[in-house]
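# Topology and contacts: notes
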Amino acid sequence: MSEQAGYSPSFKRPSDILRLRKKRARSEGVGSGGRNSSASPGLSVPGVRPFSPGSLLNGPPRPGGVKRRNPFANLENTYNSPKKRAVVRSEGDAYSLGCKPLIIEAEVENQAEGPARRDTQQFTERLLHAEKRYQEAPDKKQTSVSEDDSLFEDDLFADEKISPPILTSPLGHGSGEMAPHVCVEYPADWSLKTRLLFTSPLSFSWAEQLKAGEEAQGLTQHCRATHVPLPQNIQEPRCSVELRCSFQQALQYWQHPSLPWLPLFPRIAAERRFSGKSAPWAHDPALQQSLMSEWAVSFTSLYSLLKARLCPFFYLCSYQFTALFRTSGLSGTSAITAVLSPTTRGLREAMRAEGIDFTLPLVEEKKKCKNPRSTAHQTGEHGAEPKELAEEEDDEEYGEEEEDDEDGGFSWLKEMGVQDKIKKPDSISIKLRKEHSEVKLDHRPESLVLVQGSSTFTLLNFLINCKSLVAAAGSQAGLPPTLLAPNPFRGATLHVLKARSVKVKTQVRTGYQDVSSLEVTGPVMPHALHALTRLLRPAQRGGFSAGLYPHEPTAVFNTPVGPPAEPHLQDTAAQDLEGCGLHPSTVRQLVQPSTLGKSTLRHLHMKEYSYTWSL
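Predicted, not measured: the structure shown is a model, and the values here were computed from it.

### Some points on the overall build of the protein
A tally of helices and strands in the protein yields 21 helices and 13 strands. Taking all 615 residues of the protein together, the buried fraction comes to 41%. For the protein, the share of sequence-separated contacts (at least 6 apart) that also reach a separation of at least 24 residues comes to 73%. Of the accessible surface of the protein, which amounts to about 34300 Å², a share of 53% is contributed by carbon and sulfur atoms.

Put into structure tokens, the structure is as follows:
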């Protein structure tokens, strides 16, 4: 073996290793003598576990002698010690009381040592009593998290690795400071949602298998715009007919056109969903003209309802952009407004050519941050920015930059007397630079366009006659944009959001717990989100969480469209919109000025009838 290639001299066969171990055991058994009874620290020290099972663990002694003890094997360092087991058993109770496990461990040590630490035990009891009193205080109820409630935070915020939202006031969320009062409402979110996922420890069985009479009653309440009042606390939600009918009412919306075999929302980047579907109008110009004529009638009907304040808002979803029309008084405005996003330079140029006055709110806000005095004299009526003023502004900015470059970067050329050889930019270069800055905004949130007042009617005519509003090629060729509204209008079809309830198990600190979930899919508009949360408040006894999945191009619709309106003007606007068909509490939420900016709500959490949210 020693002559073989690659053989290591230190290698030992398993039989050799066993032989050496037996020899060592015999030598220790003969030579130890009285050492095993008196000098062995592993047997003389009480509470120390030997290396192998011995007399301390109620096992018979080995005939070949006792092995040397493991210096790291101590009862206090092992997980299975009696003290550690006591701490683990009481750890759940400690978390439910809001205490740390260290307090429970100190209490176990005091009980083990007897009266030696009686003062510490009394201190612990006083601390637990103070903690209990602190939980019963009203301020503690807003932020305390029990073991059951931690389920929502762990399950809801685990995917994005963010901390749970802190409590804020309903009028301002962005500060991130603790609010001194309970937040009973969340800010209005004008973005379209594609999916809602509600979770709660209480069952959502009351939202399943509605009876035919309940569905008919919910349909009647929606068409007649009647709202049944609900009690603050519902003991048996499944037996509450009013709750089930109101739930059916909250899921209904109106849409045009309606093609059952085609998913008409969302429309942006939805070519895959349309591919392979039957489109008989794609190569039939007469059929396309008929579809567009019916669509123009429905669009005009919606605008007339909006102007009369009988419809609070509606959405127009095309294959390139989404538009939101709002009546006067909503989002703190005093006139009809329309926002479009995302837009392109070609669309903005076409709107300017038609005489539509519009602004770019996010671009102007950015300019105000850089130079507060630059936009004071450059806006016309309704905050409009004409083309000539925009060109002058670009020329001035470009000239200022050239001056800075000439003074700073090329000042040494003047000393040499060759400054005349520097070629100044001509008008073509300035125009190219302006076009480049405009193209940079395309398909970005900063391309949001705001139209106000009478210009919205001009926008209506522009969109009806705009040929680029409908795709000329592709899977959406010849298909008019989708119109979505909370109220009926000419040519509209009644649709219902899809809802299903599922019960799942979710992991918590001490194991698994049953959690009920309610999933709602479809084009969820702002009024539907508020109606659902208003129903879940009493049905789930003031405790639920919601994951919101927005249609990303519409997240920018939360941008403020003007200065905040005064409170008395908001109350007047809410009274003027009593006939729009929405619940009064929903109207009061929608008349509030937007506070979310370019962001949108991602998570909602209600605990003890108080809202928290995160963006």
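Alright, that's what it looks like, and here's the rest.
### As for the sheet that holds strand E1 (residues 193-200)
Overall, antiparallel pairing links the six strands, which are arranged E9-E10-E1-E11-E12-E13 in an open sheet. Every interior strand has two partners, whereas the edge strands, strand E9 (498-508) and strand E13 (610-614), have only one. The mean angle between the axes of side-by-side strands here comes to 20°, regardless of whether they run parallel or antiparallel. Here eleven bridges tie E9 to strand E10 (residues 511-524), and the two strands are oriented antiparallel to one another. Along E10, the bridge assignment pairs Ala499 with Val520. This element, helix H19 (residues 526-539), spans E1, E10, strand E11 (543-550), strand E12 (603-607) and E13 of the sheet and lies at about 10° to E1.

### What to know about the side chain of Ser200
Along the chain, the position of Ser200 falls in strand E1. Side-chain polar atoms of Ser200 contact the backbone nitrogen of Leu202, separated by 3.3 Å. Polar side-chain contacts of Ser200 include one of 3.0 Å to the side chain of Gln540.

### Thoughts on the environment of Leu615
Topologically, Leu615 is positioned in the segment after E13. Separated by 67 residues in sequence, Leu615 and Leu548 have C-alpha atoms that sit 9.8 Å apart.

### A few points about the pattern of salt bridges
In this structure the tally under the stated criterion is eleven salt bridges. For Asp442, the salt bridge is made with Arg348, and the minimal N-O distance between the two is 3.1 Å. Taken as a pair, Asp442 in the loop between helix H17 (427-439) and strand E6 (449-452) and Arg348 in helix H13 (residues 345-353) lie far apart in primary sequence, 94 residues in all. The buried category is assigned to Asp442, whose relative accessible area is 17%. Given the relative accessible area of 2%, Arg348 is considered buried. A salt bridge links Arg444 to Glu446; the shortest N-O distance between them is 3.7 Å. Of the residues examined, Glu446 reaches a relative accessible area of 18% and is grouped as buried. Taken together, the salt bridges that share partners define one network made up of Arg195, Arg500 and Glu519.

### Side note on the pairing of E1
In the sheet, E1 pairs with E10 via seven bridges, with the strands oriented antiparallel. Residue pairing in the sheet places Phe198 in a bridge with Leu518 of E10. Sheet topology places E1 next to E11; six bridges connect them, and they run antiparallel. Along E11, the bridge assignment pairs Thr199 with Ser545.

### A word on the state of the cysteines
Covalently bonding the sulfur atom of one cysteine to the sulfur atom of another cysteine gives a disulfide. By the definition in use, this model includes zero disulfides. Between Cys311, a free cysteine, and Cys580, which holds the nearest cysteine sulfur, the sulfur-to-sulfur gap is 8.4 Å.

### Some remarks on the environment of Pro263
Relative to the elements of secondary structure, Pro263 occurs in the loop between strand E2 (252-256) and helix H11 (271-274). According to the relative accessible area criterion, Pro263 is partly exposed, its value standing at 23%. Each C-alpha atom, one on Pro263 and one on Arg273, is 7.2 Å from the other, the two residues being ten residues apart in sequence. Ignoring anything within four residues of it in the chain, the contact list for Pro263 reads Arg273 and Phe274.

### Section: helix H12 (residues 285-307)
With 23 residues, H12 should cover 33 Å at 1.5 Å per step; its first-to-last C-alpha distance of 33 Å lies within 8% of that length. Of all the positions in H12, only Met292, Trp295, Ala296, Ser298, Phe299, Ser301, Leu302, Tyr303 and Leu306 are classed as buried.

### Structural notes on the packing of aromatic side chains
The tally for this structure, following the rule as stated, stands at twelve aromatic pairs. Judged by centre distance (5.9 Å) and plane angle (75°), the ring pair of Phe299 and Phe325 falls under edge-to-face. Taken as a pair, Phe299 in helix H12 and Phe325 in strand E4 (residues 322-326) lie far apart in primary sequence, 26 residues in all. Directly above the ring of Tyr549 sits Arg195, whose terminal nitrogen or CZ lies 4.7 Å from the centroid.

### Overview of the packing of helix H9 (residues 212-224) against helix H10 (residues 241-250)
It is at 8 Å that the axes of H9 and H10 come closest, and there the two elements cross at 60°. Relative to H10, the element H9 lies oblique. Read as a crossing pair, H9 and H10 show a hand that is right-handed. Residues Glu214, Glu215, Gln217, Gly218, Gln221 and His222 of H9 touch H10, and the partners they reach there are Val241, Arg244, Cys245, Ser246, Gln248 and Gln249. Counted by class, the contact of H9 with H10 contains two nonpolar, seven polar and three charged residues.

Rules of the game
Residues numbered from 1 in each chain as written. Predicted model: local features only at pLDDT ≥ 70, side-chain atom pairs only at ≥ 80, totals over all residues. Heavy atoms only, no water. Helix = DSSP H or I, 4+ residues; strand = E, 2+ residues; numbered from the N terminus. Buried < 20%, exposed > 50% of the residue type's maximum accessible area, 1.4 Å probe, protein only. Contact = heavy atoms within 4.5 Å. Areas by Shrake-Rupley, 256 points an atom, 1.4 Å probe, with all protein chains shown as cover. Pairing = 2+ DSSP bridges. Axes fitted to C-alpha atoms, helices over the stretch in contact; angles between N-to-C directions. Polar contact = N/O pair within 3.5 Å; in protein donor to acceptor, adjacent residues only side chain to side chain. Salt bridge = Lys/Arg side-chain N within 4 Å of Asp/Glu carboxyl O. Disulfide = S-S within 2.5 Å. Expected span 1.5 Å × (residues − 1). Phe/Tyr/Trp six-rings, centres within 6.5 Å; stacked < 30°, edge-to-face > 60°. Lys NZ or Arg CZ within 6 Å of the ring centre and 35° of its normal. Parallel < 35°, antiparallel > 145°, perpendicular 65-115°, else oblique. Left-handed = near helix turned anticlockwise from the far one by under 90°. Nonpolar A, V, L, I, M, F, W, Y, C, P; charged D, E, K, R; others polar.

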